[in-house]
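# Analysis of the macromolecular model
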Amino acid sequence: MRTPGEVLREGELEKRSDSLFQLWKKKRGVLTPDRLRLFPAGPGARPKELRFHSILKVDCVERTGKYVYFTIVTTDRKEIDFRCAGESCWNAAITLALIDFQNRRAL
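The rules behind the values
Residues numbered from 1 in each chain as written. Predicted model: local features only at pLDDT ≥ 70, side-chain atom pairs only at ≥ 80, totals over all residues. Heavy atoms only, no water. UniProt positions renumbered as here; feature names shortened; annotations may be inferred. Helix = DSSP H or I, 4+ residues; strand = E, 2+ residues; numbered from the N terminus. Rg over C-alpha atoms; globule rule 2.2 N^0.38 Å. Buried < 20%, exposed > 50% of the residue type's maximum accessible area, 1.4 Å probe, protein only. Contact = heavy atoms within 4.5 Å. Lys, Arg positive; Asp, Glu negative; His and termini not counted. Charge placed at Lys NZ, Arg CZ, Asp CG, Glu CD. Salt bridge = Lys/Arg side-chain N within 4 Å of Asp/Glu carboxyl O.

As recorded by an unreviewed UniProt entry, the protein carries the name Pleckstrin homology-like domain family A member 2 and is attributed to Mustela putorius furo. A UniProt comment under Function (unreviewed entry) is attached to the protein, and it reads "Plays a role in regulating placenta growth. May act via its PH domain that competes with other PH domain-containing proteins, thereby preventing their binding to membrane lipids." Regarding the protein, the UniProt comment filed under Sequence similarities (unreviewed entry) reads as follows: "Belongs to the PHLDA2 family."

In structure tokens:
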């Protein structure tokens, strides 16, 4: 059985900003059995959390030469765009952790 604080994956991924220019910003991601934490590149900044109970699905996975692009859809239908290096498989790790979370919650 997984513990909530257990780290399943840690590393770099990029999130598209909500600003007018929609720039890609590097984040350090920490995936646990119940959430994805995103730490900004700057020191001392607080992480943002995407808890699995507020995530509906991982969608729109597209692979290009260098990156894998994917979208996390929240339960309130907000779409958050990410990209990661092709070999890092963040999208698969998040999807598997989300399915595991949903299965545990269903029991």
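## Structural notes on the overall build of the protein
Per the secondary structure count, the protein includes 1 helix and 7 strands. Listing each helix as α and each strand as β along the protein from the N terminus yields β-β-β-β-β-β-β-α. Its C-alpha radius of gyration of 14 Å places the protein within 12% of the 13 Å reference for a compact globule of 107 residues. Each principal axis of the C-alpha distribution contributes one length, and for the protein these read about 45 × 30 × 30 Å. When the 107 residues of the protein are sorted by exposure, 36% land in the buried category. Put simply, 38% of the contacts in the protein that link residues at least 6 apart link residues at least 24 apart. With 21 positive and 14 negative side-chain charges, the protein shows a separation of 3 Å between the mean positions of the two kinds.

## Focus on the pattern of salt bridges
For the coordinates displayed, the defined rule picks out 11 salt bridges. The salt bridge partner of R28 is E10, with a shortest N-O separation of 2.4 Å. Separated by 18 residues along the polypeptide, R28 in strand β2 (residues 24–32) and E10 in strand β1 (residues 9–16) bring together distant segments of the chain. Judged by its relative accessible area of 36%, R28 is partly exposed. With a shortest N-O distance of 3.5 Å, K26 and E12 are connected by a salt bridge. Highlighted residues: K26 in strand β2 and E12 in strand β1, separated in sequence by 14 residues. By relative accessible area, K26 is classed as partly exposed at 46%.

## A closer look at the environment of L13
Structurally, L13 is set in strand β1. According to the relative accessible area criterion, L13 is buried, its value standing at 1%. For the pair L13 and R28, spaced 15 residues apart in sequence, the C-alpha separation works out to 6.3 Å. Those residues within four positions of L13 in sequence are excluded, and the remaining contacts are K25, K26, K27, G29, L38, F70, F82, R83, C84 and W90.

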